[in-house]
Amino acid sequence: MITSRRQFLAGTAASVTGLVVARSALAGLPEAVIQTSVETAAPLVPPTGHPYNPVVTLNGWTLPWRMNKGVKEFHLVAEPVVREVSPGFVVNMWGYNGQSPGPTIEVVEGDKLRIFVTNKLPEHTTIHWHGQRLPNGMDGVGGLTQPAIPVGKTFVYEFEARRPGTFMYHPHADEMVQMAMGMMGFWVTHPKGKHPHIATVERDFCFLLNAFDVEPGSHTPKINTMTDFNIWCWNSRVFPAIDSLNVRLNDRVRIRIGNLTMTNHPIHLHGHEFLVTGTDGGPTPPSSRWHEVTTDIAVGQMRQIELVADEEGDWAMHCHKSHHTMNAMGHDVPTMIGVDHRGLVGKIQQVAPDYMLMGERGMADMGDMEMPLPDNTAPMMTGRGQYGPLEMGGMFTVFKVRKDQKPGDYSDAGPFRHPPGTVAREWQGDAPPATRSEPTPDAAPAAATAVKPIGKHTSH
Ligand SMILES: [Cu+2]
């Protein structure tokens, strides 16, 4: 019969290698799911195990698992990847399962876990499960708690997800190089049942802060850079290539952020106050929480913030270090504000035809400038809104609150339609001159007047 004949032929075609793969799969190695899209993946609703409200990883995804006799099994592959940091700007990184950062791992408190790690890097590696309670030998510190995973080998990590919280994973072998190349991933452990300090939320987002030093025009990060990075990322993306956080009006929203750069990042949200409800140490006690609009996230820390999104609009959310909302730029540029360049440019261009004038009125012109860029980089200040250039790059995105965003819909509703009369506008009435204090005709210079002692003055 045709079917059996086709099966027979297929079996022959697959030959011995096919059988070998099939046997090793039966022996227990779960499929390594690879994702190469830079889109924010839909939340992974748990197909097995305890139910929970899954997280959304900005420009990332959650790793599927399989249940094997009550154990959740994952397969991570450490490998070189190519990450699109923004359209037209791709960087050779190292990561996991096709991406930097690697996929988010989402489990439930009490889950028994088995994580296979295959090393396809050109050097050895390990994975450290940052923030977890686990047997010492599962902590992933090369040399200290395990031999490093040699090139081409697969190691198994087995532990229980003992406490709920916001965690991450990264190598603990040739760490400086491997993290500078983008090896890291997010980890969320949901509480098993109702937890007194963990609220139920409608939206739960997560991302890692990471940074690279990629010379404009080149494709590979400089791994020896210690502090002077030029590409400030959320999940290895820069604005405007970082997706917005799209929520429905009055949603309770949790945002989980981890910092694997070499400096701290004060993360600031416009239009709302939030509470820090958790760290990598777990949920914070409610009595310790206070409202903020900026929270500093130090190196190696996680913060989870929560708010009710009760103000409609397009709210900026960004690192408050202004150099971190810029893309690649030269830092050796002198400040030119206030310097009159008129008549100079032409003369300079006679000897240096590429000379370009920038900065004598500030640098806002850069946001709108169609400047010739080297082949592989991101414009320094970019992103366009409905009213013009945002003059932002790097660690910036938009928190979009909409009345008509459907529950469970994470798509971008486009620019906010401001109600009439609610946008800052040009003043159309009279503009009287600013009132300044008048000096008295016989007054001494202001500075001298200011320092004159009161006592002497009155005895005059
Ligand atoms: Cu920053």
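### Observations regarding the overall build of the chain
In step 1: The number of helices and strands found in the chain is six helices and 24 strands.
In step 2: The buried share of the chain, taken over its 460 residues, is 37%.
In step 3: For the chain, long-range pairs separated by at least 24 residues make up 73% of all intrachain contacts whose partners lie at least 6 apart in sequence.

### A look at the nonpolar core
In step 1: If you look at the biggest cluster of nonpolar residues, it comprises 81 residues, and the most contacted ones within it are Met168, Ile231 and Val238.
In step 2: Take this core: its biggest share by element is seven residues, from strand E11 (residues 203-212).
In step 3: When sequence neighbours within four positions are dropped, the list of residues in contact with Met168 reads His130, Met184, Gly185, Phe186, Trp187, Leu208, Gly258, Leu260 and Met302.

### Focus on the environment of Thr382
In step 1: Examined against the element boundaries, Thr382 turns out to sit in strand E22 (residues 382-385).
In step 2: Judged by the 24 C-beta atoms lying within 10 Å of it, Thr382 falls in the buried class.
In step 3: Between the C-alpha atom of Thr382 and that of Asn327, which follows or precedes it by 55 residues, the distance is 8.5 Å.

### A closer look at the sheet that holds strand E7 (residues 128-130)
In step 1: Taken in spatial order, the four strands of this open sheet run E5-E10-E9-E7, and their pairing is mixed. With one partner strand each, in any of the chains shown, strand E5 (105-108) and E7 form the two edges of the open sheet. Here the average twist between neighbouring strands, direction ignored, is 25 degrees.
In step 2: Pairing of E5 with strand E10 (residues 185-190), which is carried by four bridges, proceeds in the parallel orientation. Residue pairing in the sheet places Val107 in a bridge with Thr189 of E10.

### Some words on the environment of Leu260
In step 1: If you trace the backbone, Leu260 turns up in the loop between strand E14 (252-259) and strand E15 (265-269).
In step 2: The exposure class of Leu260 is buried, given the 21 C-beta atoms found within 10 Å.
In step 3: Residues Leu260 and Ala211, spaced 49 residues apart in sequence, show a C-alpha to C-alpha distance of 8.0 Å.
In step 4: The contacts of Leu260, once residues within four sequence positions are left out, are Met168, His170, Met179, Met184, Leu208, Leu209 and Asn210.

### What to know about the sheet that holds strand E19 (residues 294-297)
In step 1: Taken in spatial order, the five strands line up as E13-E24-E21-E15-E19 in an open sheet, and their pairing is mixed. Either end of the sheet is taken by a strand with one partner, and the two such strands are strand E13 (245-248) and E19. Between one strand axis and the next, the sheet turns through 20 degrees on average, direction left out of account.

### Some thoughts on unusual backbone geometry
In step 1: Note the cis peptide between Ser100 and Pro101, where omega equals -5 degrees.
In step 2: Residues Phe239 and Pro240 are joined by a peptide bond in cis, for which omega reads 5 degrees.
In step 3: If you trace the backbone, Pro240 turns up in the loop between strand E12 (231-234) and E13.
In step 4: A positive phi angle, close to 50 degrees, is found at Lys69, a residue other than glycine.
In step 5: Assessed through the 6 C-beta atoms surrounding it within 10 Å, Lys69 is described here as exposed.
In step 6: Despite not being glycine, Asn97 has its phi angle at roughly 50 degrees, a positive value.
In step 7: Along the chain, the position of Asn97 falls in the loop between strand E4 (89-96) and E5.
In step 8: Among the residues examined, Asn97 registers 22 C-beta atoms within 10 Å and is labelled buried.

Cut-offs and rules
- Residues numbered from 1 in each chain as written.
- Predicted model: local features only at pLDDT ≥ 70, side-chain atom pairs only at ≥ 80, totals over all residues.
- Helix = DSSP H or I, 4+ residues; strand = E, 2+ residues; numbered from the N terminus.
- Buried ≥ 20, exposed ≤ 12 C-beta atoms within 10 Å, placed from the backbone.
- Contact = placed C-beta atoms within 7 Å.
- Core = buried A, V, L, I, M, F, W, Y, C linked by C-beta atoms within 7 Å.
- Pairing = 2+ DSSP bridges.
- Axes fitted to C-alpha atoms, helices over the stretch in contact; angles between N-to-C directions.

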